[in-house]
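# Understanding the architecture of this molecule
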Amino acid sequence: MPARFMGQFEHSLDEKGRVIVPSKLRDEVRPSEDGEGFIATQAPEGCLYLYTPREWERISSDLDQLRRGSARLRKFQRRWYSGAERLPLDRQGRILLPERLRSNAGIQRELVLAGCYDRIEIWAKDSWDVQSREDDDFEDQLERFLGGIPEDPAPATEG
């Protein structure tokens, strides 16, 4: 089974641009199956996505199935792959976030690592705080994705 991530962790970059990946997130990765380290790329939400090499390959395989001549696909691939970086873990469980990726995500020093199922998202702390406050449709999302029952079901009609 592939790595599945959850949890929220606040950390700081060190002077070299490294951040520790919390052990609760690292422990989900089985290097023999998921690969070593992570692959990071910019995300449309203004954060970074971290994938295991295994998940990155799965996504790439899915993209291989799409029409090659599509201008939209080429545009997406250009942004997705040119923004990607392999990030090995050091012995202390840290990754070095390249300046280019930090800049694209607005990460200065304080950041949040959020486990998001098949990926880890890395946010600038202030951006995380803003998007968390703006997430006002969580209840609707939960109902839709988990098949919730409407609050006021229509009364049964007699036939």
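Keep in mind that what you see is a predicted model, and the values were worked out from it rather than measured.

### Structural notes on a nonpolar patch on the surface
A contiguous nonpolar patch, built from Phe138, Leu142, Phe145 and Leu146 and spanning about 470 Å² of accessible area, is present on the exposed surface. Of note, Phe145 is situated in helix H7 (residues 138–146). The class of Phe145 is exposed, set by a relative accessible area of 61%.

### Here's the deal with H7
In terms of burial, H7 is largely open, as just zero of its nine residues are buried. Following H7 by one or two positions, Gly147 has its phi on the positive side, about 70°.

### Looking at the nonpolar core
Core analysis: the largest hydrophobic core is formed by 23 residues, its most contacted members being Ile95, Leu97 and Ile122. Those elements giving two or more residues to this core turn out to be strand S1 (5–12), strand S3 (38–42), strand S4 (48–51), helix H5 (99–105), strand S7 (110–117) and strand S8 (119–124). Of the residues forming this core, the biggest block, three residues, is contributed by S8. Aside from chain neighbours lying at most four places away, what touches Ile122 is Cys47, Leu48, Leu50, Ile95, Leu97, Ile107, Leu111, Val112 and Leu113. Core analysis: the second largest hydrophobic core is formed by 14 residues, Trp56, Ile59, Leu63 and Ala114 among them.

About the criteria used
- Residues numbered from 1 in each chain as written.
- Predicted model: local features only at pLDDT ≥ 70, side-chain atom pairs only at ≥ 80, totals over all residues.
- Heavy atoms only, no water.
- Patch = residues over 30% accessible without salt bridge, like charges linked within 9 Å, V, L, I, M, F, W, Y side chains within 5 Å.
- Areas by Shrake-Rupley, 256 points an atom, 1.4 Å probe, with all protein chains shown as cover.
- Salt bridge = Lys/Arg side-chain N within 4 Å of Asp/Glu carboxyl O.
- Helix = DSSP H or I, 4+ residues; strand = E, 2+ residues; numbered from the N terminus.
- Buried < 20%, exposed > 50% of the residue type's maximum accessible area, 1.4 Å probe, protein only.
- Core = buried A, V, L, I, M, F, W, Y, C linked by side-chain atoms within 4.5 Å.
- Contact = heavy atoms within 4.5 Å.

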